[in-house]
Each structure stands twice: as structure tokens, then as C-alpha cells.
Amino acid sequence: MPTSVLAAVEAEPALTSIASPAMWGITILAVLGLLVMDFIMTRRPHEVSMREALAWSAFYIALPLAFGGYLWSRYGSTTGVEFLTGYVVEKSLSVDNLFVFMLLLTAFAVPAVLQQRVLLFGIAGALVLRGIFIALGAAVLANFSFAFLLFGAILLLTGVKILRDQVKGTGHEVDVSSMRSVRLIRRFMPVTDDYRGPRLSVRENGRRMLTPLAVVVAAIFATDIVFAVDSVPAVFGITSDPYLVFATNAFALLGLRALYFVLQGALSKLVHLGYGLAAILGFIGVKLVLHWAHGIWPGVPEIPTALSLGVIVVALGVVTATSLYATRNGGEDSHATAHVAEPVESRTD
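On a predicted model such as this, the values are computed, not experimentally measured, just so you know.

Calculation rules
Residues numbered from 1 in each chain as written. Predicted model: local features only at pLDDT ≥ 70, side-chain atom pairs only at ≥ 80, totals over all residues. Heavy atoms only, no water. Helix = DSSP H or I, 4+ residues; strand = E, 2+ residues; numbered from the N terminus. Buried < 20%, exposed > 50% of the residue type's maximum accessible area, 1.4 Å probe, protein only. Contact = heavy atoms within 4.5 Å. Areas by Shrake-Rupley, 256 points an atom, 1.4 Å probe, with all protein chains shown as cover. Core = buried A, V, L, I, M, F, W, Y, C linked by side-chain atoms within 4.5 Å. Phe/Tyr/Trp six-rings, centres within 6.5 Å; stacked < 30°, edge-to-face > 60°. Axes fitted to C-alpha atoms, helices over the stretch in contact; angles between N-to-C directions. Parallel < 35°, antiparallel > 145°, perpendicular 65-115°, else oblique. Left-handed = near helix turned anticlockwise from the far one by under 90°. Expected span 1.5 Å × (residues − 1). Salt bridge = Lys/Arg side-chain N within 4 Å of Asp/Glu carboxyl O. pLDDT = per-residue confidence, 0-100. Pairing = 2+ DSSP bridges.

This part takes up the overall build of the protein. On a plain count of helices and strands, the protein comes out with 12 helices and 2 strands. Its helices and strands in sequence order give the protein the pattern α-α-α-α-α-α-α-β-β-α-α-α-α-α, from N to C terminus. In the protein, buried positions account for 52% of the 349 residues. A fraction of 81% describes how many contacts in the protein between residues 6 or more apart in sequence connect residues 24 or more apart. Accessible surface for the protein amounts to roughly 16,000 Å². Of this, 67% is attributable to carbon and sulfur atoms.

Structure representation (C-alpha cells):
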């Protein structure tokens, strides 16, 4: 193995961060506070109106934009652009989350009044998982430079898989009965036949039973793991600052509940989103590989973050425009896309 490659493998670059321990603490407390606020707001189950969903979506979009403005003014344009780019990447990937959430809510026949509570549980679980994956990813990157190559390979393979599924039209199909999390729960715990409001478990005839709400929450947690594997390496391809990685993930996830109800009717029209996500993940994968190679051979160029932001925005804009054009008259495959396939199994018993 060449000496330059050995040196790169053995190198232990220290990841730098703009955040002090106090800034980390304040940010985590703020995220927890927003989650608690959301749970309080949804303590009484109700069907979400479009007006309510739009108001909360506007709030959760304005919040990260304001925070990005603060980072820009306080730490400079490079940090500001990295945060904004990472946020756009995570937000676009979170839309992919919404497709699966939509299919799971349909497959489990979740009542409309309980849907936002299920989404909140999913968001809380995703935040915990992302935090774990970010900590692990930061530790690996700080000790092994070849991890950039590994992350790049993961994103390239994921992009190829998404592209293949999009072309075949076999993307996010949901077979509830085959999900390991669902089978495991039903093997060890009895499940009631119907929902019992926002309760996850009830006691009947002297024994504790789970409700279907607990089962769908477990299924969403299982999907959160899959999405964390893709999203964390993707944002590490934009910035190596663990704080910015966490902040972009947190802001993207916190607004999912409201965004779901805003986009619920439009999700089926984004028939070409898979092409855009495949392009974005592939592009970031190449960016990570080039970053790794640049550390070994300085002559290898790197892709600047500003260019990354432009490519990502253009890719999302193009697939959104082509999707809307393809479904303008209910044409093409507006009901048979790679992302909105009908659930294979829709029973909860």
C-alpha cells in the first residue's frame, strides 16, 4: 500500500466545532422544549386543519432560517452556507420519510385524530437515533480518515438503490405483517382490536395489552433506523462539524409533523422525487470521496459547499417541476409511483 494512503488511513484528524458545551446544552434543551410543546399541543387528539398545519410549518421553517442567519452573522458565511445546505439536504430526505409515514398510517388505519401523535413519537425516536448515529459518525471520522470514503460509498450505493427502485416503480411498499418489529411485538404481547385514543397500552381482564397505536409507533421507530443510516452520512458530506450536523437534523425533523399534513395531498404527485434524491445522494457521495482523496493527493479537487447548495436546489426544483407536469391532468403514474405504492397488508390484527 502506498505510503500516502497508509498515512491517510492512520491519520486522526480532530473534528472542530463552532459550539461550546454551553451552546450544545442550550440547543439540546431547546429541541427538547419544542418536542414537549408539540406533545402538549397534541395531548387532546384532534384532526389537523390545513390552517393549523400551515401555521406550524411556517414556524418550523422560519426558525431554522433565523438560526442560520444568526450562525452566518456570528461565525461567518462558510458556517452559514454549511448549515443552510445541510438543512436543505435533510429537509429533502425528510420528505422521503413522509412517504413511509403515510403508508404506515394507512396500513394501520390510524384514525385522523391520532395521526399527529404517531408522527410525534416517530420524530422523537428519529431524533434519538440521529443523535446516536451522529456521535458514532463523528467519533469514526475523528479517528479514521477513510471513513469519508466509507460514507461516500454508502451514499453512492443508496443513490443507486433509490434510482433502481424509481425506475422499476417498486419503492416504499409496506407489508405490515412481515415487519420484524410488528411480529416481535405480537409474539410477546397481546394487542387490542381497536385504538384506545392516544393510549399505548390498556389493562383488560387483568392483563396488560398493547393498542394498535403502540404497534404502529414501533414500526415507525424501525423505519427511523433505516433513514438515519442515509441522512447522517449525507449531512457529514456537507459539514464535518458535529454540532451543525445535529442542528440540521433536529430542525428538519421538528417540522415533519406539520409538513406531513400540508403535503399529504401533494405527496402522490411527487412522482419523480426518487430521481432527485438519487442524484443528491450520489453527488454528496462523490463529494465525500473527493474529500478523502484530497487528503491523500492534494491535487484532487474538492467540491465547495456553495456549489453543493446550488446543485441540490436545482435537482429538487427540476424533479418537482417535472413531477407536477407529469401529473398535471392526473396522468402518468400519479397513483403508482415508486414512493406511493399501496400497502401490501392493511390489517392491524
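Let us now look at the nonpolar core. Core analysis: the largest hydrophobic core is formed by 82 residues, its most contacted members being Phe-108, Val-110, Leu-127, Phe-236 and Ile-284. Here the element with the most residues in this core is helix 8 (residues 212-236); it accounts for 13 residues. Discounting chain neighbours no more than four positions away, the residues touching Phe-236 are Ile-134, Gly-137, Ala-138, Leu-141, Phe-151, Val-245 and Leu-288. In terms of nonpolar packing, the next biggest core, distinct from the first, is built from 11 residues, Phe-83, Tyr-87, Ala-247 and Phe-251 among them.

Take the packing of aromatic side chains next. Following the criterion strictly, the structure yields 16 aromatic pairs and no others. Ring centres of Trp-56 and Phe-59 lie 5.8 Å apart, and the angle between their planes is 90 degrees; on these two criteria the pair is classed as edge-to-face. Placement of both Trp-56 and Phe-59 in helix 3 (residues 50-75) is noted, with a separation of 3 residues, approximately one turn of the helix. Geometrically, the ring pair formed by Tyr-70 and Tyr-75 is edge-to-face, given 6.5 Å between the ring centres and 90 degrees between the ring planes. Given a relative accessible area of 39%, Tyr-70 falls into the partly exposed group. Taking the relative accessible area as the measure of exposure, Tyr-75 reaches 26% and is therefore partly exposed.

It is worth spelling out the packing of helix 4 (residues 77-107) against helix 10 (residues 256-263) at this point. Contact geometry of helix 4 with helix 10 gives a least axis separation of 10 Å together with a crossing angle of 70 degrees. Put simply, helix 4 runs roughly perpendicular to helix 10. Of the two elements, helix 4 crosses helix 10, and the hand of that crossing is right-handed. Facing helix 4, whose interface residues are Lys-91, Ser-94, Val-95, Asn-97, Leu-98, Phe-101, Met-102 and Leu-105, helix 10 presents Leu-256, Leu-259, Tyr-260 and Leu-263.

Now for the side chain of Asp-38. Here Asp-38 is to be found in helix 2 (residues 21-41). Excluding residues within four positions of it along the chain, Asp-38 makes contact with Trp-56, Tyr-60, Leu-120, Leu-254 and Arg-257.

Let us now look at the side chain of Thr-27. With respect to the secondary-structure elements, Thr-27 resides in helix 2. A residue is classified by how much of its surface remains accessible, and Thr-27, at 13% relative accessible area, is buried. What Thr-27 contacts, discounting residues up to four positions off in sequence, is Tyr-243 and Phe-246.

Taking 1.5 Å of rise per residue, the 22 residues of helix 12 (residues 305-326) would be expected to cover 32 Å, and the 32 Å separating its terminal C-alpha atoms lies within 8% of that figure. Close packing links the buried residues of helix 12 with helix 4 and helix 11 (273-296).

Under the definition given, this model contains 4 salt bridges. One salt bridge connects Asp-165 with Lys-161, and the closest N-O pair in it is separated by 2.8 Å. A residue pair is termed a helical-turn pair when its members lie 3 or 4 positions apart in one helix, as Asp-165 and Lys-161 do in helix 6 (residues 147-168) at 4 residues. Overall, the relative accessible area of 16% leaves Asp-165 in the buried class. According to the relative accessible area criterion, Lys-161 is partly exposed, its value standing at 45%.

Here the protein averages 80 in pLDDT, and 85% of its residues register 70 or above. The model gives residues 1-13 a pLDDT under 50, and that stretch makes 17 contacts with residues more than four places away or in other chains. This stretch, residues 333-349, has a pLDDT under 50; its non-local contacts, to residues over four places away or in other chains, come to 48 contacts.

The next subject is the packing of helix 5 (residues 115-143) against helix 9 (residues 242-254). For any two helices packed against each other, one specifies the inter-axial angle together with the distance between the axes. One can describe the packing of helix 5 onto helix 9 by two numbers: an axis separation of 10 Å at closest approach and a directional angle of 165 degrees. As summarised for this structure, helix 5 and helix 9 are arranged roughly antiparallel, according to the angle between their axes. Where helix 5 crosses over helix 9, the handedness of that crossing is right-handed. Together, Ile-123, Ala-126, Leu-127, Arg-130, Ile-134 and Ala-138 of helix 5 and Pro-242, Val-245, Phe-246, Asn-249, Ala-250, Leu-253 and Leu-254 of helix 9 make up the contact between the two elements.

The next point concerns the pairing of strand 1 (residues 201-204). Across a regular strand the side chains alternate sides, sitting on one face of the sheet and then on the other. The pairing of strand 1 with strand 2 (residues 207-210) spans 4 bridges and is classified as antiparallel. Residue pairing across strands places Arg-203 opposite Arg-208, the latter belonging to strand 2. Once strand 1 ends, the chain turns through 2 residues before running back antiparallel as strand 2, passing Asn-205 with a positive phi of about 55 degrees.

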